[in-house]
Amino acid sequence: MIPDWKVVQDYLEILEFPELKGIIFMQTACQAVQHQRGRRQYNKLRNLLKDARHDCVLFANEFQQSCYLPRERGESMEKWQSRSIYSAATWYYHHCQDRMPIVMVTEDEEAIQQYGSETEGVFVISFKNYLDNFWPDLTAAHELCESILQSRRERENESQESHGKEYPEHLPLEVLEAGIKSGRYIQGTLNVNKHRAQIEAFVRLQGASSKDSGLVSDILIHGTKARNRSIHGDVVVVELLPKNEWKGRTTALGENDGESPSEPMPTGRVVGILQKNWRDYVVTFPSKEEVQSQGKNARKILVIPWDYRIPKIRISTQQAEALQDFRVVVRIDSWESTSMYPSGHFVRVLGKIGDLEGEIATILVENSISVVPFSEAQMCEMPVNTTENPWKVSSEEERERKDLRKTHLVFSIDPRGCEDVDDTLSVRALDNGNLELGVHIADVTHFVASHSYIDIEARTRATTYYLADRRYDMLPSILSADVCSLLGGVDRYAVSIMWELDKTSYEIKKVWYGRTIIRSAYKLFYEAAQELLDGNVDIVDDIPEFRDLDEKSRQAKLEELLWAIGKLTDIARHIRAKRDQCGALELEGVEVRIQLDEKKNIHDLIPKQPLEVHETVAECMILANHWVAKKICESFPHQALLRRHPPPHQEFFSELRECAKAKGFFMDTRSNKALADSLDNANDPNDPIVNWLLRSMATQAMSNALYFSTGSCAEEEFHHYGLALDKYTHFTSPIRRYSDIVVHRLLMAAISKDKKMEIKENLFSNKDLEELCRHINNRNRAAQHSQKQSTELFQCMYFKDKDPETEERCISDGVIYSIRTNGVLVFIPRFGIKGAAYLKNKDGLVISCSPDGHSEWKPGSLQRFQNKITSTTTGGESVTFHLFDHVTVRISVQASRCHSDTIRLEIISNKPYMMPDTELFQQSSLLLKSDLVKEVTRSVEEAQLAQEVKVNVIEKDYQKYCQTKGSSLYTLLEEIRDLALLDVSNSYGI
């Protein structure tokens, strides 16, 4: 089957069905998708071609002498494309010696009439006829095809009936490109403000525009009309308005809370779209009453996207009433200048609104996370490790690798119950009196060959996705939780870095890189390692490796382990001190654990308390990443994968400086060293939360660290601002990050280069590596967003079933950390929650506090100052809220049918909450060791069973997707330290 350009554009999601294999895609059709449908659709097509399970091929027909056809004078582009694809199909048929019939599928009726009977063996039919004749039982494809056809018919009818235009036409591509080159127009990515989606969007400059325009800030696009049919994420072209028409950012909380703009900033309007960012969107159908209010034609329904930043989408369906209680996926097809809304079509149903599995599926779709089952071909590449056929070290690898099993005390320190152990550590005294520090990382690349089926799948996923109650592994569990995992007491392949250190100063004398064989002696969990570090040896009863030892052996091994952990910690302190001298930043995040009661309801949300042993392990990993970065960059200066963290723009620190000033602190932000020193000095002895919040604000002012290819930028841009290192990469987690797999291959190639041996690894060119880095960065952002959204989902589940008026846990202490014109932003240390608290409600009433501190709503007004806000009633009563004031907050859930539920904060007293948080932490810490994921899953299943709904979804999904299931939510949230709740304060208009 050979689809023409229009079929590839319109029916790509059907062509992605696993049943449709062996499709031949012509170069002409692929280029049409690239130029007319944008980057996201083109990338979907490229991924389909790369996916070995579909067995599709790309035929470069325009570079084949017998297939190429020049475009004739006056011939439309569409006619030439159809003619070229038919010509290539005919050549292909004859190339197969007329033995294999060819079906060209097209939507062009003239082409069907013209070519349908021209060549025996080459059939030209419509896509619908193709499905009817060749796939009559593929029901889902037929339904989707009908939905797409109906959507197209509706658009054509609407276009004929429309007389006026809602939006100006976009300028031609050549005009846009010339305008960008001349400086008249500016190119950038549209970012819609989630909390003021109808009012504010910003264009973030990119490419030459950011350097040539002279602008230092984003461009404001005020109102939906000025966006001119562009959608959040589109790459757009903007024309600046005259300065007298510039507007300021709104500083109020919420969408409809009046104009309170800041200083005017560059403001513009969209005149064209270079790349559409259209994707699958999760939507909800309107209620019956809303459907009726939409007018006479009930087939055309305006559905409401889950993402506030996406406009309503018009689709044609007769199932609106049946699907009102479900989350549904739709895809946008077009947005005509004559329509207020984009048009799309129905794709599939996700699940019921409010159902845990449906909400998790929504999060995955919204972040474009598609975790398909590992295929049979991929699993066939995996090693075998069964009771009957256990995996073992091969004699060939024993000859090639350095064997550390009898010479080194190797152990891991991980979260309790961790299955995917990437890294282990060792430290020992050498004969010359010096020390040897070792970091040993799972040798994943031994099992994952470059360009193998499993390598392509891992590259597509790019990372393991951690959600609040589950994870989707980058690699099958036979690797991630077994043969590659550096478990205790078993032989494993590793890639090791070992440094010889001076015995007193810990200065590095030598470094060795290479492949090794290790056997980890202990699989420690963080709390046990911390207890040993603190001298509490009673914890050994919880360490399995000590249980069956006699007293003498037990004591000897314990002393050996105590020395190793103590020495590791000393070395880590020294390494950290050196980075601190260079300006390394210690920035704060909040990690939250979810705990259940006896009835399996969510009982508590508990912020995680950091341990020194976390820092010990982290410093060793940072050291390893830094030295590997230096090595691969030295060997491959133009094609090494590194990670950089650019210094932030100074204007982004303005709020941090103002907040610190309110407490009498000075923030020097001119360098990372100056900022680190300022943060260290900004300590309020009466309120430690102040320093935490200032560090959190510093984090918000910074951009994310990014992967890049060393050939794509100058060496002075390699620096990692946060870690204060000149070169940095990721090497220590190849089980869950594809970037680390690439780095392992680079390191092996560098070692081979040093030994003047043949380089066996297939290395990426600079261009290919830069494209891969963009993909990994994109997937990392998706992983961060999905993890944050799933944690927020569980937070809302925790508070949703509680009565905020009577439940004691819904009342908590909060700290004001930002002032807005109609409210404040509050941080709740007890639960690690940040959010908005209004001081003026929707009725225009303002907050008033009685002498005992309790609040009520009264008529009045608000007056905002730099570091405080005053509420004054018409009766003359006034109350002032200052930055860093402690207030009592009531927590409830703002339920939403069409969007995600959100946490709602309400100040009920201007005085601190009476119960100290330390008491609550002490009460909660006793119950941290529950198997939380099993409990959460079981509670959901029981609730569904009580409603007579059959559920075995989660277990089936894990079998189906070959995923590893962690033993507890505690485990999952501990597994990587960057699982902190991302600060959402930027979303409130900062």
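These numbers come from a predicted model, not from an experiment.

Visitor: Got a sec to walk through the overall build of the protein chain? Specific residues and values, please.
Guide: Within the protein chain, the regular secondary structure consists of 27 helices and 39 strands. By residue count, 55% of the 990 residues in the protein chain fall in the buried class. The long-range fraction of contacts in the protein chain, counting pairs at least 24 apart against all pairs at least 6 apart in sequence, stands at 69%. Carbon and sulfur atoms make up 48% of the accessible area of the protein chain, which totals about 44,700 Å².

Visitor: Can you tell me about the sheet that holds strand β24 (residues 491-501), naming the residues and giving the values?
Guide: Read from one edge of the open sheet, seven strands run β18-β25-β24-β21-β20-β19-β26, paired in mixed fashion. Every other strand in the sheet has two partners, leaving β18 (402-403) and β26 (522-525) as the edge strands with one partner each. Relative to strand β21 (residues 435-442), strand β20 (residues 423-429) is paired through seven bridges, and the arrangement is antiparallel. The residue of β21 that forms the bridge with Arg 428 is Glu 436. Strands in contact with helix α16 (residues 526-533) are β19 (410-414) and β26; relative to β26, the strand with the most contacts, it is inclined by about 90°. Across the sheet, helix α22 (residues 738-754) is in contact with β21, β24 and β25 (508-519); its angle to β25 comes to roughly 115°.

Visitor: Account for the side chain of Asn 777, naming residues and giving values.
Guide: Within the secondary structure layout, Asn 777 lies in helix α23 (residues 766-800). For Asn 777, the side chain forms a polar contact with the main-chain nitrogen of Tyr 707, separated by 3.0 Å. Aside from chain neighbours lying at most four places away, what touches Asn 777 is Leu 706 and Tyr 707.

Visitor: Give me the packing of helix α19 (residues 654-662) against helix α21 (residues 689-700): which residues, what numbers.
Guide: Direction vectors running N to C along α19 and α21 enclose 165°, while the axes themselves pass 9 Å from each other. Accordingly, the angle class assigned to the pair α19 and α21 is roughly antiparallel. Both α19 and α21 take part in a crossing whose hand is left-handed. For the pair α19 and α21, contact is made by Leu 656, Cys 659 and Ala 660 and by Leu 694, Met 697 and Ala 698, respectively. Per-class residue counts for the contact of α19 with α21 are six nonpolar, no polar and no charged.

Visitor: Lay out the packing of aromatic side chains in plain terms, naming residues and giving numbers.
Guide: Counted under the stated rule, the structure contains 17 aromatic pairs. The ring of Phe 827 is capped by Lys 834, whose NZ or CZ atom sits 5.9 Å from the centre of that ring.

Visitor: Give a detailed account of the pattern of salt bridges, specifying residues and quantitative values.
Guide: Per the counting criterion, the structure on display carries 57 salt bridges. The closest approach of N and O atoms between Glu 16 and Lys 44, which form a salt bridge, is 3.6 Å. Taken together, the positions of Glu 16 in the loop between α2 (12-15) and β2 (24-26) and Lys 44 in helix α3 (residues 27-50) put the pair 28 residues apart, joining distant regions of the chain. The exposure class assigned to Lys 44 is partly exposed, which follows from its relative accessible area of 25%. Two residues, Glu 359 and Arg 327, come together in a salt bridge whose shortest N-O distance is 3.2 Å. Of this pair, Glu 359 sits in helix α11 (residues 356-366) while Arg 327 is found in strand β16 (residues 326-334), placing the two residues 32 residues apart along the sequence. Both residues of the pair, Glu 359 and Arg 327, count as buried. By sharing partners, the salt bridges in this structure join Glu 398, Asp 403, Arg 405, Asp 491 and Arg 519 into a single network.

Visitor: Outline the side chain of Thr 284, listing residues and values.
Guide: You can see Thr 284 is positioned in strand β13 (residues 280-284). The exposure class of Thr 284 is buried, given its relative accessible area of 0%. Side-chain polar atoms of Thr 284 contact the side chain of Arg 327, separated by 3.0 Å.

Visitor: Just give me the short version of the state of the cysteines, but keep the residues and values in it.
Guide: Per the counting criterion, the structure on display carries zero disulfides. Note on Cys 713: no disulfide assigned, nearest cysteine sulfur contributed by Cys 633 at a separation of 9.7 Å. Under the relative-accessibility criterion, Cys 713 is labelled buried at 17%.

Visitor: Could you give an account of the sheet that holds strand β7 (residues 200-205), naming the residues involved and the relevant values?
Guide: The five strands are arranged β8-β7-β6-β9-β12 in an open sheet whose pairing can be described as antiparallel. Because the sheet does not close on itself, it has two edges, and the strands there are β8 (219-222) and β12 (268-275). Adjacent strand axes in the sheet meet at a mean angle of 40°, parallel and antiparallel pairs treated alike. When strand β6 (residues 185-192) meets β7, the two strands line up antiparallel, connected through five bridges. Bridge pairing in β7 places Asn 191 opposite Phe 202. Set on the sheet, helix α8 (residues 173-182) makes contact with β6, β9 (235-240) and β12; between it and β12 the angle comes to about 115°.

Rules used throughout
Residues numbered from 1 in each chain as written. Predicted model: local features only at pLDDT ≥ 70, side-chain atom pairs only at ≥ 80, totals over all residues. Heavy atoms only, no water. Helix = DSSP H or I, 4+ residues; strand = E, 2+ residues; numbered from the N terminus. Buried < 20%, exposed > 50% of the residue type's maximum accessible area, 1.4 Å probe, protein only. Contact = heavy atoms within 4.5 Å. Areas by Shrake-Rupley, 256 points an atom, 1.4 Å probe, with all protein chains shown as cover. Pairing = 2+ DSSP bridges. Axes fitted to C-alpha atoms, helices over the stretch in contact; angles between N-to-C directions. Polar contact = N/O pair within 3.5 Å; in protein donor to acceptor, adjacent residues only side chain to side chain. Parallel < 35°, antiparallel > 145°, perpendicular 65-115°, else oblique. Left-handed = near helix turned anticlockwise from the far one by under 90°. Nonpolar A, V, L, I, M, F, W, Y, C, P; charged D, E, K, R; others polar. Phe/Tyr/Trp six-rings, centres within 6.5 Å; stacked < 30°, edge-to-face > 60°. Lys NZ or Arg CZ within 6 Å of the ring centre and 35° of its normal. Salt bridge = Lys/Arg side-chain N within 4 Å of Asp/Glu carboxyl O. Disulfide = S-S within 2.5 Å.

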